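# Coordinate inspection notes
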Amino acid sequence: MPVNKQYITRSTTVITVKRDGKTAMAADGQVTMGNTVAKGNARKVRKLAGGKILSGFAGSAADAFTLLERFEQKLSEHGSSLYRSVVEFAKDWRMDRYLRRLEALMIAADNEHIFTLSGTGDVIEADSGVVGIGSGGSYALAAAKAMLDTTNLSAKEIAEKALSVAADICIYTNHNIIVEEL
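Rules of the game
- Residues numbered from 1 in each chain as written.
- Predicted model: local features only at pLDDT ≥ 70, side-chain atom pairs only at ≥ 80, totals over all residues.
- Heavy atoms only, no water.
- pLDDT = per-residue confidence, 0-100.
- Contact = heavy atoms within 4.5 Å.
- Helix = DSSP H or I, 4+ residues; strand = E, 2+ residues; numbered from the N terminus.
- Expected span 1.5 Å × (residues − 1).
- Buried < 20%, exposed > 50% of the residue type's maximum accessible area, 1.4 Å probe, protein only.
- Arc of directions from axis to C-beta.
- Core = buried A, V, L, I, M, F, W, Y, C linked by side-chain atoms within 4.5 Å.
- Pairing = 2+ DSSP bridges.
- Axes fitted to C-alpha atoms, helices over the stretch in contact; angles between N-to-C directions.
- Parallel < 35°, antiparallel > 145°, perpendicular 65-115°, else oblique.
- Left-handed = near helix turned anticlockwise from the far one by under 90°.
- Nonpolar A, V, L, I, M, F, W, Y, C, P; charged D, E, K, R; others polar.

### Section: the confidence of the model for the protein
Mean pLDDT over the protein stands at 88; residues scoring 70 or higher make up 92%. The model gives residues 1-9 a pLDDT under 50, and that stretch makes five contacts with residues more than four places away or in other chains.

### Points about helix 3 (residues 137-150)
Counted at 1.5 Å a residue, the expected span for helix 3 with its 14 residues is 20 Å, and the 20 Å between its end C-alpha atoms agrees. Those residues of helix 3 lying buried are Gly137, Ala140, Ala143, Ala144, Met147 and Leu148. Down the axis of helix 3, the sector holding all buried residues measures 135 degrees, keeping them to one side. Along helix 3, the residues that are exposed and aim more than 90 degrees away from the buried face are Ser138, Asp149 and Thr150. Where the residues of helix 3 are buried, they touch strand 1 (13-19), strand 10 (130-134) and helix 4 (155-169).

### Overview of the nonpolar core
By size, the foremost hydrophobic cluster in this structure holds 19 residues, and its most contacted members are Phe71, Met106 and Leu117. Contributing elements (two or more residues each) for this core: strand 6 (53-59), helix 1 (61-77), helix 2 (82-95), strand 7 (104-109) and strand 8 (114-118). Once you skip the residues sitting within four places of it in the chain, Met106 turns out to touch Ser55, Gly56, Phe57, Phe71, Phe89, Trp93, Phe115, Thr116, Leu117 and Ile133. Counting residues in hydrophobic clusters, the runner-up holds 17 residues, among them Val17, Ala24, Ala144 and Ala162.

### Some points on the sheet that holds strand 8
Strand order across the open sheet formed by five strands is 5-6-7-8-9, with antiparallel pairing between neighbours. Taken across any chain shown, the strands that pair with only one partner, and hence form the sheet edges, are strand 5 (45-48) and strand 9 (123-125). Each strand axis lies, on average, 20 degrees off the axis of its neighbour in the sheet, ignoring direction. On top of the sheet, helix 1 reaches strand 5, strand 6 and strand 7; it is set at about 155 degrees to strand 6, its chief contact. Those strands touched by helix 2 are strand 6, strand 7, strand 8 and strand 9, and its axis lies near 10 degrees from that of strand 8.

### Quick notes on the packing of helix 3 against helix 4
Each pair of packed helices gets described by two things: the angle between the helix axes and the distance between those axes. Contact geometry for helix 3 and helix 4: axes closest at 8 Å, N-to-C directions at 140 degrees. When the interaxial angle is binned, helix 3 and helix 4 end up oblique. Crossing angle aside, the handedness with which helix 3 passes helix 4 is right-handed. For the pair helix 3 and helix 4, the contacting residues are Tyr139, Ala140, Ala143, Ala144, Met147 and Leu148 in the first and Ile158, Lys161, Ala162, Leu163, Val165, Ala166 and Ile169 in the second. Among the residues making up the contact of helix 3 with helix 4, the classes are represented as 12 nonpolar, no polar and one charged.

### Observations concerning the packing of helix 1 against helix 2
Where helix 1 contacts helix 2, the two axes come as close as 9 Å, and the packing angle between them is 135 degrees. Relative to helix 2, the element helix 1 is oriented oblique. As helix 1 runs across helix 2, the sense of the crossing is right-handed. Residues Leu67, Arg70, Phe71, Lys74 and Leu75 of helix 1 pack against Leu82, Ser85, Val86, Glu88, Phe89, Asp92 and Trp93 of helix 2. In terms of residue class, the contact of helix 1 with helix 2 is built from seven nonpolar, one polar and four charged.

### Thoughts on the environment of Leu141
Secondary-structure assignment places Leu141 in helix 3. A residue is classified by how much of its surface remains accessible, and Leu141, at 25% relative accessible area, is partly exposed. For the pair Leu141 and Ile15, spaced 126 residues apart in sequence, the C-alpha to C-alpha distance is 6.9 Å. Among all residues touching Leu141, those that are not within four sequence positions of it are Ile15, Val130, Val131 and Gly132.

### Topic: helix 1
Relative to the 24 Å expected for 17 residues at 1.5 Å per residue, helix 1 spans 24 Å between its end C-alpha atoms, a close match to the ideal helical length. By the burial criterion, the buried members of helix 1 are Asp63, Ala64, Leu67, Leu68, Phe71, Lys74 and Leu75. On an axial view of helix 1, the arc spanned by its buried residues comes to 130 degrees, and they lie on one face. Exposed and facing more than 90 degrees away from the buried side of helix 1 are Ala62, Glu69, Ser76 and Glu77. Residues of helix 1 that are buried make contact with strand 5, strand 6, helix 2 and strand 7. Of the residues trailing helix 1, Gly79 is marked for its positive phi of about 60 degrees.

This is the structure:
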């Protein structure tokens, strides 16, 4: 039976957590090529729109940079309105013949919203204050949800600890954690 490569994720881990008016996004630094670690300190999360929006990617690095550039254009066109920008960006990603072939997932967040975006046109707004993507995303998501329910840790602390849990489990995720916070 053929395997649909859309559902095989071997990339990185990005987690976003909202708590007490703060939003934190964390990602590991590992870049893999096949079954080899090519780099350990890549920066996969960024502040955009003058520090008002966070963005993080899981997937092909070249594809992620291309998509990040396009997303920044949408933010510029729409006055840094996250909601409007993600909708317009997702339309382009799905409809553009070149962009729709790019293999990545993206999280975009501000202090009000967290969105997960994909090349299939998905624009999914988180309803629980936490989102994880990438090969270790489910591990980080589970850890973050547990910490949200059982601790008083800040969004940043939860994002760091959740990513560390994912790095202990997922071979495509390392402990070189970068965190950005709004």
